[in-house]
Amino acid sequence: MSAKPVTEAVKELSMLKQKTMIAGNYELLATARESGRKVVSTFVPGNLNELIMCFDMANNLPEINAIQSGMRKKSGGYIMEAEKRGHSEDVCTYVKTDIGMIAKGNLGPDGRALPDPDLLLLSYTGCFTFMKWFELLRQHYKCETAMLHVPYEGDGHASKNMRDYVVKQIKEEVIPKLERVSGVKFDIDRLRQYLAESAKAEQNFVWVLESAKHKPSPIDAYFGGVYYIGPMFTSFRGTADATEYYRLLRQEIEQRIADRLGPVTPDGEMHEERYRLVVEGPPNWTSFRDFWKMFYDEGAVVVASTYTKVGGIYDLGFRHDPDHPLETLAEYCLGCYTNRNLPARVDLIEKYVNEYEADGLLINSIKSCNSFSAGQLLVLREIERRTGKPAAFIETDLVDPRYFSPANVKNRLESYLQMIEQKRHGAATAA
Ligand code: SF4
């Protein structure tokens, strides 16, 4: 494989397109008050972006703001600020970053203040923290709130009753509030158009994720994957921009497959794929590049990850369906990763290890995210038992720089890769 310099790598059209889209959304938020546009805050898993767009509202996602702060090395200060105000060390660090950020003027990544929300829209999908987080924001902003209660898939699937229950709430609770706050009347045909646009983008998005089945994989489905999920899981699903982004991305990856190239990393193209891993759990954001480098320096590529399913699982077949607009929104909320029970998550990971021909499973256990971390030891043992492939644990945090210990992480990763080598050697000797 030939090496390309970083400067060339970062010029990929899809990347530039995404940058422009993100800047555009922050512009929309920063100017919302002048333009008279109403603002809704909502969470990533199970978000109702297509519905929100029907009301011409700007979409502000507190988790994304926390990630942006983490990547810009600002979250540490915000977390300390929140802790000074009484939030314990164990609280999810996205929440503390948001609280600290508000206390410090709520500046977005472009340095301009984010507007106060006019509505807090909670699609409650499995993580109890979502509810407590919005309770805090409600106390602070004293604005309208809409709660969409999404029943947990405790039995591993969604029943018709569960779907009807969510649809009823969308009709009777969510839409009336969005109409009242925005002053815009709901138009179901407008929703259908956005959903049709979502389905087009989702088709290419799944193709991109599944391209990692190739050898070598043309993408890194965790570190690269966090960029690929951006438009799909945030304020762009349902827009023509998102459709165009995934079309461009697919085109670029098709070319990479044709050229037999590995993933693009911050240091240019990866040269040799030595290990294929499945990763469970969100990444660390404060040392994101150092973390990624530990992998590509060793030739380790992540071919599938659960984190890229956090805003919706599409590779099991779900697509937004414009012919059943409210039902499809309900199904989307019900099926997202945080709303699935442990056995369903284990099945998914097992499928990834097998279908992507991975060497094993690596779990990044996040100190402050109970939603992902609970039960991970069980996941590890069960995957080892079912697949016969080695699994391992590393521990970091989302956006708290105090919980990223580079020496420890590197050490554990290297030991794990050695374990894979030993297994391979053992298998070769046995054969
Ligand atoms: S899923 Fe994890 S990171 Fe997200 S709000 Fe819940 S605890 Fe925090």
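In this convention, every chain numbers its residues from 1, walking through the sequence in written order. Only residues with pLDDT of 70 or above have their local features reported here, since the model is predicted, and side-chain atom pairs are shown and tallied only from 80 upward, although totals for entire chains, interfaces and linings are computed over all residues. Only hydrogens and water are removed before side-chain values are computed, so all heavy atoms of the structure are retained for them.

Asker: For the sheet that holds strand E10 (residues 391-396), give the residues involved together with the corresponding values.
Answerer: Strands are treated as partners if at least two bridges between them are detected by DSSP. Segments assigned H or I by DSSP are reported as helices when at least four residues long, segments assigned E as strands when at least two residues long, and all are numbered from the N terminus. Within the open sheet, the 4 strands sit side by side as E8-E7-E9-E10. Their pairing is parallel. Whereas interior strands pair on both sides, the edge strands pair on one side only; in this sheet they are strand E8 (300-305) and E10. The average angle at which neighbouring strand axes cross in this sheet is 35°, direction not considered. Pairing of strand E9 (residues 360-366) with E10 involves 6 bridges; the strand directions are parallel. Each bridged residue has a counterpart across the sheet, and for Ile366 the counterpart in E10 is Thr396. Lying over the sheet, helix H16 (residues 342-355) contacts strand E7 (275-280), E8 and E9, oriented at roughly 170° with respect to E7. Fitted lines through C-alpha atoms give the axes, limited to the stretch in contact for helices. The angle between two N-to-C directions lies from 0 to 180 degrees. The contact rule is simple, with two residues in contact once any of their heavy atoms fall within 4.5 Å.

Asker: Outline the pairing of E9, listing residues and values.
Answerer: With 7 of its 7 residues buried, E9 lies for the most part within the structure. Of the two faces of E9, both are covered, the one formed by Gly360, Leu362, Asn364 and Ile366 as well as the one formed by Leu361, Ile363 and Ser365. Each residue gets one of three labels from its accessible area relative to the maximum for its type: buried under 20%, exposed over 50%, partly exposed in between, using a 1.4 Å probe on protein chains only.

Asker: How would you sum up the pattern of salt bridges? Please name residues and give values.
Answerer: What makes a salt bridge here is a side-chain nitrogen of Lys or Arg within 4 Å of a carboxyl oxygen of Asp or Glu, nothing more. Enumeration according to the criterion identifies 41 salt bridges in this entry. Notably, a salt bridge pairs Arg163 with Glu331, separated by 2.8 Å at the nearest N-O pair. On the criterion of sequence distance, the pair formed by Arg163 in helix H9 (residues 160-182) and Glu331 in helix H15 (residues 325-335) is long-range, its members being 168 residues apart. Classification of Arg163 as partly exposed rests on a relative accessible area of 24%. Among the salt bridges present, the one from Lys293 reaches Asp267, with a minimum N-O distance of 3.6 Å. With Lys293 in helix H14 (residues 288-296) and Asp267 in the loop between strand E5 (264-265) and strand E6 (268-269), this residue pair connects regions lying 26 residues apart in the sequence. On the accessibility criterion, Lys293 (35% relative accessible area) is partly exposed. It is possible to trace a salt-bridge network through shared partners that takes in Asp347, Glu350, Glu382, Arg385 and Arg386.

Asker: I'd love a proper account of the site of the ligand, names of residues and values included.
Answerer: Think of it this way: one heavy atom of a residue within 4 Å of a molecule or strand is enough to make that residue near it. Every residue close to the ligand is listed here: Cys92, Tyr94, Cys127, Thr129, Phe130, Cys369, Ser371 and Leu398. When residues are sorted by character, Ala, Val, Leu, Ile, Met, Phe, Trp, Tyr, Cys and Pro go into the nonpolar class, Asp, Glu, Lys and Arg into the charged class, and all the rest, Gly among them, into the polar class. Looking at the shell around the ligand residue by residue, the class counts come to 6 nonpolar, 2 polar and no charged.

Asker: An account of helix H10 (residues 188-210) is requested, with residue identities and associated values reported.
Answerer: In this scheme, a helix's expected span is set at 1.5 Å multiplied by one less than its residue total. Between its first and last C-alpha, H10 extends 33 Å over 23 residues, near the 33 Å set by a 1.5 Å rise per residue. We call two N or O atoms a polar contact when they sit within 3.5 Å, provided that within protein one can donate a hydrogen and the other can accept it, with sequence-adjacent residues counted only if both atoms are side-chain atoms. One side-chain oxygen of the residue at the start of H10 lies 2.9 Å from the amide nitrogen of Asp189, identifying that residue as Asp187.

Asker: An account of the packing of aromatic side chains is needed here, citing residue identities and associated values.
Answerer: Any pair of Phe, Tyr and Trp rings, taking the six-membered ring for Trp, is counted once the centres come within 6.5 Å. Such a pair is stacked with planes under 30 degrees apart, edge-to-face with planes over 60 apart, and tilted for the rest. Applying the stated criterion across every chain yields a total of 25 aromatic pairs. Ring centres of Tyr314 and Tyr332 lie 6.2 Å apart, and the angle between their planes is 25°; on these two criteria the pair is classed as stacked. On the criterion of sequence distance, the pair formed by Tyr314 in the loop between E8 and H15 and Tyr332 in helix H15 is long-range, its members being 18 residues apart. As far as burial versus exposure is concerned, Tyr314 and Tyr332 are alike and both buried. Members of the aromatic cluster, connected to one another through ring pairs, are Tyr222, Phe223, Tyr227, Trp285, Phe288, Phe291, Trp292, Phe295, Tyr296, Tyr307 and Phe404.

Asker: Pulling in residues and values, what's your account of the layout of surface pockets?
Answerer: A cavity here means a set of points on a 1 Å grid, drawn over the protein atoms and nothing else, where a 1.4 Å probe fits but cannot get out; a pocket is an open set with protein on both sides within 12 Å along at least five of seven lines, and a residue lines either one if it has an atom within 4 Å of a point. Grid points are joined across faces, edges and corners, and a volume is the space filled by probe spheres set on the points. Here the second largest pocket is characterised by a volume of approximately 290 Å³. Taken together, 18 residues form the lining of the second largest pocket, with Asn25, Leu28, Met53, Ser235 and Thr239 sitting closest to its centre. With 5 residues, the top contributor of residues to the lining of the second largest pocket is helix H2 (residues 13-30). Residue classes in the lining of the second largest pocket are distributed as 7 nonpolar, 7 polar and 4 charged.

Asker: Can you explain the sheet that holds strand E2 (residues 58-60)? Please cite residues and give values.
Answerer: With respect to topology, 4 strands assemble into an open sheet ordered E2-E1-E3-E4, the strand pairing being parallel. What marks the edges here is a single partner per strand, and that holds for E2 and strand E4 (144-149). Across the sheet, the mean angle separating the axes of adjacent strands is 25° when strand polarity is ignored. As paired elements, strand E1 (residues 39-42) and E2 share 3 bridges and run parallel to each other. Considered in E2, the bridge of Ser41 is made with Asn60.

Asker: Any chance you could break down empty space enclosed by the protein for me, citing the residues and the numbers?
Answerer: One way to see where empty space is left: roll a probe the size of a water molecule over the atoms. By the definition in use, this model includes 4 cavities of 30 Å³ or more. Within this model, the largest cavity holds a volume of roughly 80 Å³. Residue lining of the largest cavity: Asn65, Gln68, Ser69, Arg72, Lys74, Tyr78, Met101, Leu107, Gly108 and Pro109, and that is the complete set. In terms of residue count, the dominant contributor to the lining of the largest cavity is helix H5 (residues 62-71) (3 residues). Among the residues forming the lining of the largest cavity, the class breakdown is 4 nonpolar, 4 polar and 2 charged. Estimated volume of the second largest cavity: approximately 60 Å³. If you go around the second largest cavity, the residues you meet are Ser41, Asn60, Pro62, Asn65, Asp98, Ile102, Asn106, Leu114, Pro117, Leu137 and Tyr141.

Asker: Go over the side chain of Thr265, please, and point to the residues and values.
Answerer: In this structure, Thr265 sits in strand E5. You can call Thr265 buried: its relative accessible area is 6%. There is a polar contact of 2.7 Å between the side chain of Thr265 and the backbone oxygen of Gly268. Every residue in contact with Thr265, bar those within four places of it in the chain, is listed here: Met270, Trp292 and Tyr296.

Asker: Report on the nonpolar core, specifying residues and quantitative values.
Answerer: Only buried residues count toward a nonpolar core. Its members are Ala, Val, Leu, Ile, Met, Phe, Trp, Tyr and Cys residues joined through side-chain atoms within 4.5 Å. In terms of nonpolar packing, the biggest core is built from 96 residues, with Tyr94, Trp285, Phe295 and Tyr307 touching the most fellow members. Element by element, the count of residues in this core is highest for H14, at 6 residues. Discounting chain neighbours no more than four positions away, the residues touching Tyr94 are Glu63, Ala66, Ile67, Trp133, Trp285, Tyr307, Leu398 and Val399.

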